[in-house]
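Below, each chain spelled out in residue letters.
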Amino acid sequence: KAPASSDWPMFRGDAAQTGLAAGSLGDEFEILWTAQAGGAVTSSPVVVDGLVYFGSDDQFIRCVKLADGVEVWKHETEDMIEAPPMVAGGVVYCGSNDFFLYALDARTGERKWRYETDDKIMGGAAAVQTKDGDTRIVFGSYDTHLYCLSTEGELVWRYPTANYVNGTPAIWENQAVFGGCDAILHVVDLNTGEASRQVELGAECHVAGSVALAGGVAYFGHYGNAFVAVDLSTGAPDWVYPHPNQPFFSSPAITDDVLVFGGRDKYIHCVTRGKGEKVWTYPTRRKVDASPVICGDKVVVGSGDGILYVLTLSDGELVWSYEIGRSIFSSPAVVDGRILVGANDKRLYCFGPKPAEEKR
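Residues numbered from 1 in each chain as written. Predicted model: local features only at pLDDT ≥ 70, side-chain atom pairs only at ≥ 80, totals over all residues. Heavy atoms only, no water.

Let's shift gears to unusual backbone geometry. With a phi close to 80°, Thr 144 is a non-glycine residue in the positive phi region. Its place among the elements puts Thr 144 in the loop between β12 (135–140) and β13 (145–150). With a phi close to 75°, Lys 346 is a non-glycine residue in the positive phi region. For Lys 346, the position within the fold is in the loop between β32 (338–342) and β33 (347–353). (Helix = DSSP H or I, 4+ residues; strand = E, 2+ residues; numbered from the N terminus.)

Below is the structure:
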């Protein structure tokens, strides 16, 4: 289910990592505003209560107004920020390459606490409710662990893997689901921090992106040059969408019928959800590591070629595009008909519908 139209509180929009936005999008857009950073914006923006949060390679987490892009606050960390922020309960949680997860007041940017891991944090965090009604913050680190913290920043548990944890964990029936660079799909009980299931994917099948969940099935790409669907109850693959020689880093956007994801083969791919059969592909000029968002009948995604694309969901036809000119590795947030995305030109962009009188 799509989130409330005015919020996009975490990477991919929701805890299941579906990349599905509420509402609909027009056919033509213009730049409403840009927010300037001091480094590339590969971090993916999130939006809550009319405020936009994003990180940058200049080491700052920023908060700007959705209405006009005016900066509300910025908070400095000790290394660049490639992770997407996550907002829950009036607090912004964001990892940095300085090994810390930061908890900041969403309104003021004041630091509540920070938690140190043993390596950089590239993925986003997820907020989960325990059966006792407590909130827990779950995230992965390049130190090969998945962490579960209290909202006070105390360690509840940490779960070991055999390699980097790069993506944002998806949440399904009180379990955290994520792929690791250890080529294993991990399903972890959120109460105990113990593995419910581990699915071995094959020697080269490192998972760098985030897993999307729907109907008890995990959908994700890997470095074994395939995109796959794995049944979480059995650990068996539902289907495999192979590529002859290119891996998949992008996370999918998912509806009842289809998945859309980017590829290192420079294409945007749409396949059926049930069988993984190709519906359409759309060519770009560089690899597509960013993750698409589906909003109504349209798909939004940026490419390493520096172009933001809006395509039709049904057949992959180009509706509109904008050439930023520097690579886009940030995944968009789509809120109230607006598209927010970062680029390597050190800016966060907000695109909105072009007024009717300006359309030709």
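A few words on the pairing of strand β9 (residues 100–105). In terms of burial, β9 is a largely internal element, five of the six residues being buried. The sheet contact formed by strand β8 (residues 91–95) and β9 spans five bridges and is antiparallel. Bridge pairing in β9 places Gly 95 opposite Leu 101. The loop that links β8 with its antiparallel partner β9 comprises four residues; one of these, Phe 99, has a positive phi angle of about 85°. Note that β9 and strand β10 (residues 111–116) share five bridges and pair antiparallel. The residue of β10 that forms the bridge with Leu 101 is Tyr 115. Hairpin remark: β9 followed by β10, antiparallel, with five residues in the connecting loop; positive phi at Gly 109, about 80°. (Buried < 20%, exposed > 50% of the residue type's maximum accessible area, 1.4 Å probe, protein only. Pairing = 2+ DSSP bridges.)

Further remarks concern the sheet that holds strand β17 (residues 184–189). Within a sheet, adjacent strands bond to each other through the backbone by hydrogen bonds, running parallel or antiparallel. With respect to topology, four strands assemble into an open sheet ordered β15-β16-β17-β18, the strand pairing being antiparallel. Two strands bound the open sheet, and with one partner strand each, they are β15 (170–172) and β18 (195–200). With strand direction ignored, the average angle separating the axes of adjacent strands in the sheet is 20°. The pairing of β15 with strand β16 (residues 175–179) spans three bridges and is classified as antiparallel. Opposite Ile 171, over in β16, you have Ala 176 as the bridge partner. (Axes fitted to C-alpha atoms, helices over the stretch in contact; angles between N-to-C directions.)

Tallying each qualifying case throughout the model produces 19 aromatic pairs. Measuring from ring centre to ring centre gives 5.7 Å for Tyr 115 and Tyr 147, while their planes differ by 65°; the resulting arrangement is edge-to-face. With Tyr 115 in strand β10 and Tyr 147 in strand β13, the pair connects residues that are 32 residues apart, well separated along the chain. Residue classification places Tyr 115 among the buried residues on the basis of a relative accessible area of 15%. (Phe/Tyr/Trp six-rings, centres within 6.5 Å; stacked < 30°, edge-to-face > 60°.)

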